[in-house]
Each structure stands twice: as C-alpha cells, then as structure tokens.
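# Structural overview for review
Each chain is listed here by its residues.
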Amino acid sequence: MLIEHYALDVFTPPDGTGAEKFTAIARLTTDISEALPYLNATLHGAVYQRAANALTWKKGGHHLTFHATQIAVGNVEDYDVALAEIDELIALINRTWDHRAEITPNYETRQRPPLMAIYKLLPHTNCQQCGEPTCYAFAIKLAAAQTALAACAPVFEPHQAEKLAALQSIGC
Ligand code: SF4
C-alpha cells in the first residue's frame, strides 16, 4: 500500500456567488510521483506531464489532478460525493501501485484524439444508446475523456470492426 494517511480539505462553494461545485484536496504524507507513470499507463484519457510531475484525468464529470503529494478533485456536486471520490482515488492509486510489476509505466504525454477524427468513425445513427442526443455530442465527450467508447454499443457490432479498430488506434 502506497498511501496510508492523508489530510482532507473540502472547499464548499461560497454563498451567493452562483458557484455550485465543490473542490476536495487530499494532502498526502507519501510522495506518489513514482506511481504517476503507472496511472498514465492504465487510466483511459489521462494526461501525464512528466516535467510538471502531474497527471490530469476526468472521471464522471469530475476534474482530477494528481501531484507528488496532493490529489485534487474539482467540479464535484456535493460534500459527500467529494469524500467518496477521494476515497476511490486513494484506493485506485494503491491498487495500481500494488500491481505495478504487471504494468509497463508510460512516461509519455498522451495526446487526446481529435474531435472530428472521432466523429467520422462513429456510426452516425444518433441512436442515443450512449445516453447522448447525437453521435456528435458523444464525440465531444469522448474527445474530452468525459465518457468511454464502451458506451457506444453499436460501434462494437461486427460490421463496424474496421471503424472500431481505427477509433482504438487513435486512443479512444
Ligand atoms: S450510441 Fe453510438 S451510434 Fe448511438 S448515438 Fe451514441 S455514439 Fe451515436
């Protein structure tokens, strides 16, 4: 286990400003720098900046940033969600670290796939099975790593195999 202790700050939106989202910061007593390349290798849509020793990721609409001794979660709906998200992230980091022998660390900064390249390869049926109103709306979220390709069931049908392979080859 890499992270055993941390202190938590949750910043609530100030009254009357129109701000609605919470931010939580876990301050770690352990340096997790060495875990970041392993997270980069395993988290879909993560962006690792080696020079800055930081990794960003989006999960369920939350904005996540991992630094050497700090994890920040932004754009969170309420206090309890912030606490739960931090707990999940700590468990994720510990799990990844415990299994690092099975993971090839990735030190590269992964580029997000371009929106139009994604859109061209989607089925264009606007069937809404992914929960989005159109394929284009889904492509926007996929390009921003706010959803996963797995949410589009039609692209996994056999006749879409070539497009699926192309989507996967550009990092979706
Ligand atoms: S499930 Fe796939 S095909 Fe259907 S609307 Fe979403 S992206 Fe388009």
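Located above this text is the structure these notes cover.
Report follows, based on the coordinates. (Residues numbered from 1 in each chain as written. Predicted model: local features only at pLDDT ≥ 70, side-chain atom pairs only at ≥ 80, totals over all residues. Heavy atoms only, no water.)

### Digging into the site of the ligand
Neighbouring residues of the ligand: Pro 123, Thr 125, Asn 126, Cys 127, Gln 128, Gln 129, Cys 130, Cys 135, Phe 138, Cys 152 and Pro 154. Comparing atom positions with the cavity grids shows the ligand to sit within the second largest cavity. (Near = heavy atom within 4 Å. 1 Å grid on protein atoms, 1.4 Å probe; cavity = no way out; pocket = protein on both sides within 12 Å on 5 of 7 lines; lining within 4 Å. Sits in = over half its atoms within 2 Å of the grid points.)

### Some points on empty space enclosed by the protein
A complete count under the given rule lists two cavities of 30 Å³ or more for this structure. Empty space within the largest cavity amounts to approximately 100 Å³. Taken together, 13 residues line the largest cavity, and the ones lying closest to its centre are Gly 45, Gln 111, Arg 112, Pro 113 and Gly 171. In this structure, the second largest cavity spans a volume of roughly 90 Å³. Across the lining of the second largest cavity, the residue classes tally to eight nonpolar, five polar and one charged. (Points joined across faces, edges and corners; volume = space filled by probe spheres on them. Nonpolar A, V, L, I, M, F, W, Y, C, P; charged D, E, K, R; others polar.)

### Regarding unusual backbone geometry
Despite not being glycine, Asn 53 shows a phi value in the positive range, around 55 degrees. Tracing the sequence through the fold places Asn 53 in the loop between strand 3 (47–49) and strand 4 (54–59). Even without being a glycine, His 124 presents a positive backbone phi close to 65 degrees. Of note, His 124 is situated in the loop between helix 3 (115–121) and helix 4 (135–143). Here His 124 falls in the partly exposed class, since its relative accessible area comes to 40%. (Helix = DSSP H or I, 4+ residues; strand = E, 2+ residues; numbered from the N terminus. Buried < 20%, exposed > 50% of the residue type's maximum accessible area, 1.4 Å probe, protein only.)

### Digging into the side chain of Glu 132
Of note, Glu 132 is situated in the loop between helix 3 and helix 4. In this structure Glu 132 comes out as buried when scored by relative accessible area, which is 14%. A polar contact is formed between the side chain of Glu 132 and the side chain of Lys 141, at a distance of 3.3 Å. What Glu 132 contacts, discounting residues up to four positions off in sequence, is Ala 137, Phe 138 and Lys 141. (Polar contact = N/O pair within 3.5 Å; in protein donor to acceptor, adjacent residues only side chain to side chain. Contact = heavy atoms within 4.5 Å.)

### Some points on a nonpolar patch on the surface
Side chains of Met 116, Tyr 136 and Ile 140 sit close together on the surface and give an oily, nonpolar patch of about 270 Å² of accessible area. Structurally, the position occupied by Ile 140 is in helix 4. Residue Ile 140 is classed as partly exposed on the basis of its relative accessible area, which comes to 41%. (Patch = residues over 30% accessible without salt bridge, like charges linked within 9 Å, V, L, I, M, F, W, Y side chains within 5 Å. Areas by Shrake-Rupley, 256 points an atom, 1.4 Å probe, with all protein chains shown as cover. Salt bridge = Lys/Arg side-chain N within 4 Å of Asp/Glu carboxyl O.)

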